[in-house]
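Coordinates in review
In case you want the letters, here they are:
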Amino acid sequence: MNGFDIEIHYSEKAKGTTLEVWPGNVVKVIAPVGATESELQKLVSQKTKWIIEKQRIIKDIPAWREREFVSGESFPILGREYRLKVIEGFGETVQKDDRLIVPVAQIDLEEEDKAELVKLSLMRWYRAEALFRINARVETYCEKLNINAQSVSIKDYEARWGSCTPSGDLIFNWQILSLPREYFDYVIAHEVCHLMELNHSKEFYRLLNSSGFDNDEIGTRLKYYRNIFVLADSGEGQ
Ligand SMILES: [Zn+2]
């Protein structure tokens, strides 16, 4: 109906029903156990206007999909798609033109085992590339505000893009490398601004503004992006 798919999730913990609009024309309905389908359908139809407005905001955000780590698959880096090529060989993943070339020593492994090796190699590449590019951008935004970070590091985050500690350490989710470039820049500028204002006050947004982000639209839309690599020990992708 209305150009979206409804996914109903029953939850023991849910007190009321909540709706979430996700990229790929999906509306997630989180409902308490016992809610009937017709009740939920009715609720969704009452909220149609709100759903359509949310869909408009996120319309060009790609739907999340599970990666298979096979040749021909595409991976995003700062808004561009790179094609994966798995070859027989030794060494680490390299990026060449619009390709990510991943050598695997034993090409005749079971598909699943091979995919795991490709994933690990690719993740090592993303981490190193992310740290390199993050450092360069932190420097740029720090110069703009005439401030220094105590340290810059990357981390496996499940559900956040970055953070700033009271002592001035900036920590980033390395998977921001898969975001479009302006989102990548936004995350970095946002955390650098926290070096001066460790809150989301008016003053914080004034600083963000002076770094070139004149409103918080990217901040809002960023909530609809997810990690492209599901981390091994996380509950993601269920
Ligand atoms: Zn913040």
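Residues numbered from 1 in each chain as written. Predicted model: local features only at pLDDT ≥ 70, side-chain atom pairs only at ≥ 80, totals over all residues. Heavy atoms only, no water.

Examining helix H2 (residues 48–57)
Short version of the rule: Throughout, exposure labels follow a simple rule: accessible area from a 1.4 Å probe, protein chains only, divided by the maximum for the residue type, with under 20% read as buried, over 50% as exposed, and the rest as partly exposed. For helices the rule is a DSSP run of H or I covering at least 4 residues; for strands it is a run of E covering at least 2, with both sets numbered from the N terminus onward. Of all possible arcs, the one meant is that of the directions from the helix axis to the C-beta atoms. In what follows, residue pairs with any heavy atoms lying within 4.5 Å of each other are defined as contacts.
Within H2, burial applies to Thr 48, Ile 51 and Gln 55. On an axial view of H2, the arc spanned by its buried residues comes to 60°, and they lie on one face. Turned more than 90 degrees from where H2 packs its buried face, Lys 49 and Arg 56 sit exposed. On its buried face, H2 is in contact with strand E2 (18–22), strand E3 (26–32) and helix H1 (37–46).

Quick notes on the domain arrangement of the protein
Note the cut-off: What counts as a domain boundary in this text is fixed by an automatic or database domain assignment.
We note that the domain assignment places domain 1 (5–57) and domain 2 (74–222) within the protein. In this structure, domain 1 and domain 2 have C-alpha centres spaced 32 Å apart.

Considering the sheet that holds strand E10 (residues 169–173)
We apply this condition: Following DSSP output, two strands are said to pair if at least two bridges run between them. Throughout, an axis means a line fitted to C-alpha atoms (over the contacting stretch in the case of helices), and angles, computed between N-to-C directions, take values from 0 to 180 degrees.
One open sheet holds the 3 strands; their spatial order is E8-E10-E9, and the pairing between them is mixed. If you trace the sheet from one side to the other, it starts and ends with strand E8 (151–155) and strand E9 (162–164), each paired once. If you compare each strand with its neighbour and ignore which way they point, the axes differ by 15° on average. As paired strands, E9 and E10 are joined by 3 bridges and run antiparallel to one another. The residue bridging Cys 164 from the neighbouring strand is Leu 170, located in E10.

Observations regarding the coordination of the zinc ion
The line we're drawing: Atoms of type N, O and S within 2.8 Å of a metal are treated as its donors, and for Na, K and Ca the window is 3.2 Å; water is not considered, so some sites may appear to be missing partners.
Those donors, His 190 (NE2), His 194 (NE2) and His 200 (NE2), are the protein atoms that reach the zinc ion, and they lie 2.0 to 2.1 Å from it. For the zinc ion, all donor residues lie on one chain, and their spacing in sequence is H-x3-H-x5-H. Taken as a pair, His 190 in helix H4 (residues 181–194) and His 200 in the loop between H4 and helix H5 (202–210) lie far apart in primary sequence, 10 residues in all. Among the residues examined, His 190 registers a relative accessible area of 11% and is labelled buried.

Points about the nonpolar core
Put simply, the rule reads: Remark: nonpolar core denotes a set of buried residues (Ala, Val, Leu, Ile, Met, Phe, Trp, Tyr, Cys) joined through side-chain atoms within 4.5 Å.
Ranked by size, the top nonpolar core spans 63 residues in total, and within it Tyr 126 and Val 192 carry the most contacts. For this core, the element with the most residues is helix H3 (residues 111–145), which contributes 12 residues. Residues from two domains meet in this core; each of domain 1 (5–57) and domain 2 (74–222) gives at least three. Apart from residues lying up to four places away in sequence, Tyr 126 is in contact with Phe 75, Pro 76, Ile 77, Leu 100, Trp 174, Leu 177, Ser 178, Ile 228 and Phe 229.

Topic: H4
Where we set the bar: Here the expected span of a helix is defined as 1.5 Å times the quantity of residues minus one.
Helix length check: H4, at 14 residues, gives a terminal C-alpha distance of 20 Å against a target of 20 Å (1.5 Å per residue), a fit within 8%. Among the 14 residues of H4, 12 are classified as buried, and the element is accordingly described as predominantly covered. Taken residue by residue, H4 has Tyr 183, Phe 184, Asp 185, Tyr 186, Val 187, Ile 188, Ala 189, His 190, Glu 191, Val 192, Cys 193 and His 194 as its buried positions. Those residues of H4 that are buried are in contact with H3, E9, E10, H5 and helix H6 (217–222).

Structural notes on the sheet that holds strand E6 (residues 94–96)
The mixed open sheet is built from 4 strands, whose spatial order is E4-E5-E7-E6. Two strands lie at the open edges of the sheet, namely strand E4 (74–77) and E6, each paired on one side alone. Neighbour-to-neighbour, the strand axes of the sheet open up by a mean angle of 35°, direction not taken into account. When strand E5 (residues 80–88) meets strand E7 (residues 99–104), the two strands line up parallel, connected through 6 bridges. Its bridge partner being in E7, Leu 84 is matched across the sheet by Leu 100. Contacting E4, E5, E6 and E7, H3 runs over the sheet at an angle of about 125° to E7.

Here's the deal with the environment of Ser 121
Under the convention used in this document: Residues adjacent in sequence count toward polar contacts only when both atoms are side-chain atoms; beyond that, a polar contact is any pair of N or O atoms within 3.5 Å, and within protein one must be able to donate a hydrogen and the other to accept it.
Mapped onto the fold, Ser 121 is located in helix H3. Residue class for Ser 121 comes out buried when judged on its relative accessible area of 4%. Between the C-alpha atom of Ser 121 and that of Val 94, which follows or precedes it by 27 residues, the distance is 9.7 Å. In this structure, Ser 121 is in contact with Glu 92, Thr 93 and Val 102, ignoring residues within four places of it in sequence. Only 2.6 Å separates the side chain of Ser 121 from the side chain of Thr 93, close enough to count as a polar contact.

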